Amino acid sequence: MTDKTEGGVRRTAWRLAAGTVLMFGFGFALVPLYEVFCELTGLNGKTNNDPAAYSAPASTRAPTVREHETVRVQFLAINSTEMPWQFQAPETSELHIAPGAAPIDLTYYAHNMSDRDMVAQAVPSVSPGRAAQYLRKIECFCFQRQALAAGASTQLPLRFYISPELPDDIGTITLSYTLFDVSELAASDATASAEPPSAQGS
Amino acid sequence: MSADHHHGPASGITRWLFTTNHKDIGTLYLFFAMMMAFLGGAMAMLIRAELFEPGLQLVEPNFFNQMTTMHGLIMVFGFVMPAFVGFANWQLPMMIGAPDMALPRLNNWSFWILPFAFSILVSTLFMEGGGPNFGWTFYAPLSTTYAPPSVTYFIFAVHLLGMSSILGAINIIATIMNLRAPGMDYMKMPMFVWTWFITAFLLLLVMPVLAGAVTMMLMDIHFGTSFFQAAGGGDPVLFQHVFWFFGHPEVYIIILPAFGIVSQIIPTFSRKPLFGYTSMVYATAAIAIMSTLVWAHHMFTVGMPLVGELFFMYTTMLIAVPTGVKIFNWISTMWRGSMTFEAPMLFSIAFVVLFSIGGFSGLMMAIAPADFQYHDTYFIVAHFHYVLVPGAVFGVFAGVYYWLPKWTGRMYDERLGQLHFWLTFIGANLTFFPQHFVGLAGMPRRIPDYALQFADFNAISSVGAFLFGTSQLVFVVILVRVLKDKASGRLEGAVGERAWEGVEGLEWTLPSPPPYHSFTTPPSIR
């Protein structure tokens, strides 16, 4: 090989190696890109995890409330595999709500049937996916992890409204919560943040 | 010529351990691929034996899942990809008029990583909890939350073999860009060189993303992150997106070198130049670029917005256009050629015909609403085996028969070659064609047991598989005979520089077998 081609080979190889590193980074960049993409398009029925605010319209006759056309909203409560809690949707498992009307309060119910203290995380999903951005939660038990002592039970509050911008063709929205056991995750987070005594539970 | 400067191969085992010679490394790759093919093939035999009749006869369901998973991983990463890298090593320097690959030491390393990667992967079968049982696509959370403990070894093995592929790809691109003989312009390069050039770029584009995906799995499993765990704010569907961003270009990484091999062989045995060379180059590039834009057609059923379904449906269908260009070019090359039907040509023609069948079933699945029915059925299994077996694997066979006389200086036994072709052709079709029917009727993939209504077609499929599997022993016999002839120095069956009538290309200007260092002085290109 002449010196000239050897230099060329070296240059090519380093450039390609740099490209490889770049693509490895791109693989990880897909994670936030996907989040943003889902939030913009409502892909996967992801709802916003930050509380929304409801500004009441001056009168119910204001055009922001579509009083006469209501949308059916269904509520589901699902346990993920191996989750031993009793997890129940509100007694009225279905409501007819006018888009833009005042927020509605509901309570879910959870009961830790196991013999150990546990921490759970509820993950919401809205179907159809594109309705997700119009279901605005002011308060939701899914915003935080829920700790329950062994055998204890609790009421889980939810406060939400439907945005008046909801597209006309959506007649039914299903809001489902899946409950996951995050006790281990919570324990490791607690030890990681050093300050709180980790031996609390024992 | 001074005696020591242009030395031949070292002797003994160290020749193979420390070699930096492109031909030696090519041979290593090809032998490794063949061993893996028989290992993955043995697993396929076990799968088909279990599926010969309904009910559970031979293996536990969990072990069955390990077999389907390992069969896929070994065939894709252990057989087809290394085999084509082996071809690249042997052929690229000879075809572009170079003395060797551009980065010979790296070349040695990228091969020798592979045996370690696959030892680790295969050893998981003997670990507590068994090997990977989550399918070759290793979807989270099957491969994270519910995976056997050996999954960490699996992840490490994927890292290693990804590294091997990336190093190989860098070497191939560096060789093609820098070591072409004077006058060998890009648009004069043989088609096989072109297809590998494009394949290597695809490898560099997507293998790092695969490495990223398994790294995220590793972090989810051991370091408490939640990339794919819904409970911690992650999303399992994200895994599928990341995986298929790698996975779809991967299927073209597997098939493009086969396109290249067939594009060398069909003109030779039609005794006509390749029809539409320029359009072939552009079609290959178009396929590669489009392959990065279609990944979500593997996951139509995850619940995408309508716009997403439509986008991936149309882009997928568009790929049929450049692929069609290639098919028509091959047919036009054969048109009114004075064709002969030696083993490499038979495998190439079978490639064109059967790959088209696989392509058409692909178009059926590209239709998003129809795919909701095909998803995860045996129809999918039939489709991808039609593009992989008569596609990639026939490409490997065609290439071996075509270049074996060049590599060894001895012609293989043509009668055995014909026998091998026909047994393989009948066996493969008997195995995979009935799978279309059971798939359409609703038989799911990756199950060890099935409903009675699928029994007959599964029995046919299993018989075909046993025929297909055992007939590969003919190939071993052919290979052993050629190598024996070469070792004993028997002159019967020896071939000259141009082993085939009407063959074109720089590699055929070298003696058969070619000297240890290919072109020490660059050849002149007409």
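Use the structure listed above.
In this report, we go over the structure that sits alongside the text. (Residues numbered from 1 in each chain as written. Chains lettered and ligands numbered in written order. Predicted model: local features only at pLDDT ≥ 70, side-chain atom pairs only at ≥ 80, totals over all residues. Heavy atoms only, no water.)

## Thoughts on the packing of aromatic side chains
Residue and element names in this part refer to chain B.
- Inspection of the entire model under this criterion finds 62 aromatic pairs over all chains.
- A ring pair is formed by phenylalanine 245 and tryptophan 295, whose centres lie 5.7 Å apart and whose planes are at 70°; its orientation type is edge-to-face. Highlighted residues: phenylalanine 245 in helix H7 (residues 236-270) and tryptophan 295 in the loop between helix H8 (277-291) and helix H9 (306-334), separated in sequence by 50 residues.
- Residue classification places phenylalanine 245 among the buried positions, given a relative accessible area of 11%.
- Ring centres of phenylalanine 437 and phenylalanine 457 lie 5.1 Å apart, and the angle between their planes is 50°; this geometry places the pair in the tilted category. Taken together, the positions of phenylalanine 437 in helix H13 (residues 414-440) and phenylalanine 457 in helix H14 (residues 455-470) put the pair 20 residues apart, joining distant regions of the chain.
- The cationic tip of arginine 180 hangs over the ring face of tyrosine 186; the distance from NZ or CZ to the ring centre is 3.9 Å. (Phe/Tyr/Trp six-rings, centres within 6.5 Å; stacked < 30°, edge-to-face > 60°. Helix = DSSP H or I, 4+ residues; strand = E, 2+ residues; numbered from the N terminus. Buried < 20%, exposed > 50% of the residue type's maximum accessible area, 1.4 Å probe, protein only. Lys NZ or Arg CZ within 6 Å of the ring centre and 35° of its normal.)

## Observations concerning the pairing of strand S9 (residues 172-181) of chain A
All names here are of chain A.
- Across the 10 residues that make up S9, a large majority, seven, are buried.
- Pairing between strand S1 (residues 71-79) and S9: eight bridges, direction parallel. Each bridged residue has a counterpart across the sheet, and for leucine 76 the counterpart in S9 is serine 176.
- In this structure, strand S5 (residues 118-127) lies alongside S9, joined through eight bridges in antiparallel fashion. Bridging across to S9, alanine 122 finds its partner in leucine 179. (Pairing = 2+ DSSP bridges.)

## What to know about the environment of Gly12(B)
- One can find Gly12(B) in the segment before helix H1 (13-18).
- Counting along the chain gives 326 residues from Gly12(B) to Ser338(B), while the straight-line C-alpha distance between them is 46 Å.

## A look at a nonpolar patch on the surface
Residue and element names in this part refer to chain B.
- Taken together, the side chains of Phe52, Trp422, Ile426, Leu430, Phe433, Phe437, Phe457, Ile460, Val463 and Phe466 make up a nonpolar region of the molecular surface, amounting to roughly 830 Å² of accessible area.
- Counting only elements with at least two residues in the nonpolar patch, the list comes to H13 and H14.
- Broken down by element, the residue count for the nonpolar patch peaks at five residues, all from H13.
- Following the sequence through the fold, tryptophan 422 ends up in helix H13.
- The class for tryptophan 422 is partly exposed, based on a relative accessible area of 42%. (Patch = residues over 30% accessible without salt bridge, like charges linked within 9 Å, V, L, I, M, F, W, Y side chains within 5 Å. Areas by Shrake-Rupley, 256 points an atom, 1.4 Å probe, with all protein chains shown as cover. Salt bridge = Lys/Arg side-chain N within 4 Å of Asp/Glu carboxyl O.)

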